[in-house]
Amino acid sequence: MKTTAKNYAGSAIIAQLKAAEIKFVAAVPDIVTSDGLLWPIAGDPDIRLLRISREAEGIPICAAMSYNGTRAIVLMQQTGLMDTLNEVRAIAIDYRLPIVMMVGLQGKEDDCLPEFSGSYGVRVVIPVLCAMELPFSLIEHAEHISVIRRQIDWGYRRSRPHVILLGQSPELP
């Protein structure tokens, strides 16, 4: 199934993070989000970037912050998500903690949905999330960005994990 590419600005995503009261972003630099999202966050005075060496470190960091009411997300690409699934299961799912992950789909073509991607690593993400009963949102177009705040709020209200999939590389403002 084809989708029409309509790029979105990283600044719109950052505005949603701020609206959801995100104070920390734990991240490893990646090719999908670095230019349009990660580097602007690094220079933003309202959100603190925590540079981690492995995506799996972000899960317990965000879990610990949730205990004192501090909102944080883990920013990674799908390869990091796949490497982190045991931490997600053990901490976010088993302990029902509001771990929100924003995942760039590295290698996904702009003109198709993830399940139709030519990249195996992209195609398997949604089936894996479904098998783990992990709720997720797919951000493909600028119109989808408004769900980010709602999904973060949902995760924190219900103390449940949520994965926000970025189907495109966010552009610079």
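What this report covers is the structure whose coordinates are included nearby.

Thresholds applied
- Residues numbered from 1 in each chain as written.
- Predicted model: local features only at pLDDT ≥ 70, side-chain atom pairs only at ≥ 80, totals over all residues.
- Heavy atoms only, no water.
- Core = buried A, V, L, I, M, F, W, Y, C linked by side-chain atoms within 4.5 Å.
- Buried < 20%, exposed > 50% of the residue type's maximum accessible area, 1.4 Å probe, protein only.
- Helix = DSSP H or I, 4+ residues; strand = E, 2+ residues; numbered from the N terminus.
- Pairing = 2+ DSSP bridges.
- Axes fitted to C-alpha atoms, helices over the stretch in contact; angles between N-to-C directions.
- Contact = heavy atoms within 4.5 Å.
- Left-handed = near helix turned anticlockwise from the far one by under 90°.
- Nonpolar A, V, L, I, M, F, W, Y, C, P; charged D, E, K, R; others polar.

1. A closer look at the nonpolar core
Among the nonpolar cores identified, the biggest contains 29 residues, and Ile 59, Leu 81, Ile 99, Met 101, Val 103, Leu 129 and Leu 165 are the most heavily contacted of them. The element best represented in this core is helix α4 (residues 78–93), accounting for five residues.

2. Concerning the sheet that holds strand β2 (residues 48–51)
Backbone-to-backbone hydrogen bonds pair the strands of a sheet. The strands run either parallel or antiparallel. If you walk across this open sheet you meet the six strands as β2-β1-β3-β4-β6-β5, and the pairing is parallel. Only two strands of the sheet have a single neighbouring strand rather than two, namely β2 and β5 (136–139). Taking each pair of neighbouring strands and ignoring which way they run, the sheet shows an average axis angle of 25°. As paired strands, β5 and strand β6 (residues 162–166) are joined by four bridges and run parallel to one another. Note on β6: the bridge partner recorded for Leu 138 is Leu 165. The strands touched by α4 are β3 (71–77) and β4 (100–104); relative to β3, the strand with the most contacts, the crossing angle is about 130°. Sheet strands in contact with helix α7 (residues 147–158) are β1 (22–27), β3, β4, β5 and β6, and its direction is about 120° off that of β3.

3. Observations regarding unusual backbone geometry
We note that Glu 21 has phi near 65°; this positive angle belongs to a residue other than glycine. Along the chain, Glu 21 falls in the loop between α1 (10–19) and β1. The exposure class of Glu 21 is exposed, given its relative accessible area of 51%. You will see that Arg 96, though not glycine, has its phi angle at about 50°, which is positive. Checked against the element boundaries, Arg 96 lands in the loop between α4 and β4. Relative accessible area serves as the criterion here: at 44%, Arg 96 is assigned to the partly exposed category.

4. Focus: the packing of α1 against α7
Running from amino to carboxyl end, α1 crosses α7 at an angle of 30°, the nearest separation of the two axes being 8 Å. Handedness of the α1/α7 crossing: right-handed. Seen from α1, the contacting residues are Ile 13, Gln 16, Leu 17 and Ala 19; seen from α7, they are Ile 148, Arg 149 and Ile 152. Of the residues belonging to the contact of α1 with α7, the class tally is five nonpolar, one polar and one charged.

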